[in-house]
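Tertiary structure, described
Here's the letter readout for the chains.
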Amino acid sequence: MVIESVVAGVVANVVYECTKKGLSLSKDYLVKELAKEVNENQQKLEYIAEELINLDKKEDLEDLSERGIIKRMEKCPELVEVLNSVKQENVQHIINQYHYGTGDNVGGNKNC
């Protein structure tokens, strides 16, 4: 199954950053970090966290890139269904940019 929601990248990034720091995935950590990025009810975030922990036990997500994590998530139909149910407007879009020199530094949509 394919994850059609933008939340897939957010979730994969949370998992990737956790493992990059050498932390093991825990339900509390994942729920806390996901809540910063996704405005969804606590029960749904807890379910996503539990599925990610189960997936990590089967697939060892530690050595994967964000894209690799998404590919592994797509192997779990229940997780895909829940992620696809998250509305795009519930996902935070935070852009950090640094600009040196001249010209435009565009983040998001720019109307000309």
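Let me sum up the structure you'll find in this document. (Residues numbered from 1 in each chain as written. Predicted model: local features only at pLDDT ≥ 70, side-chain atom pairs only at ≥ 80, totals over all residues. Heavy atoms only, no water.)

What to know about the environment of E17
- As for its placement among the helices and strands, E17 is situated in helix α1 (residues 7-20).
- Take E17: its relative accessible area is 23%, and that puts it in the partly exposed class.
- In the structure, E17 is positioned 48 residues away from S65 in sequence and 9.9 Å away in space, judged by C-alpha atoms.
- Polar contacts involving the side chain of E17 include one to the side chain of K20, which spans 3.4 Å. (Helix = DSSP H or I, 4+ residues; strand = E, 2+ residues; numbered from the N terminus. Buried < 20%, exposed > 50% of the residue type's maximum accessible area, 1.4 Å probe, protein only. Polar contact = N/O pair within 3.5 Å; in protein donor to acceptor, adjacent residues only side chain to side chain.)

Some points on the packing of helix α2 (residues 27-37) against helix α3 (residues 42-59)
- Where α2 meets α3, the axes come as close as 9 Å, and the angle between the chain directions of the two elements is 130°. Between α2 and α3, the interaxial angle falls into the category oblique. The chirality of how α2 crosses α3 is right-handed. Facing α2, whose interface residues are K27, L30, V31, L34 and A35, α3 presents Q42, L45, E46, I48, A49, E50, L52 and I53.
- For the contact of α2 with α3, the class distribution of residues is nine nonpolar, one polar and three charged. (Axes fitted to C-alpha atoms, helices over the stretch in contact; angles between N-to-C directions. Parallel < 35°, antiparallel > 145°, perpendicular 65-115°, else oblique. Left-handed = near helix turned anticlockwise from the far one by under 90°. Contact = heavy atoms within 4.5 Å. Nonpolar A, V, L, I, M, F, W, Y, C, P; charged D, E, K, R; others polar.)

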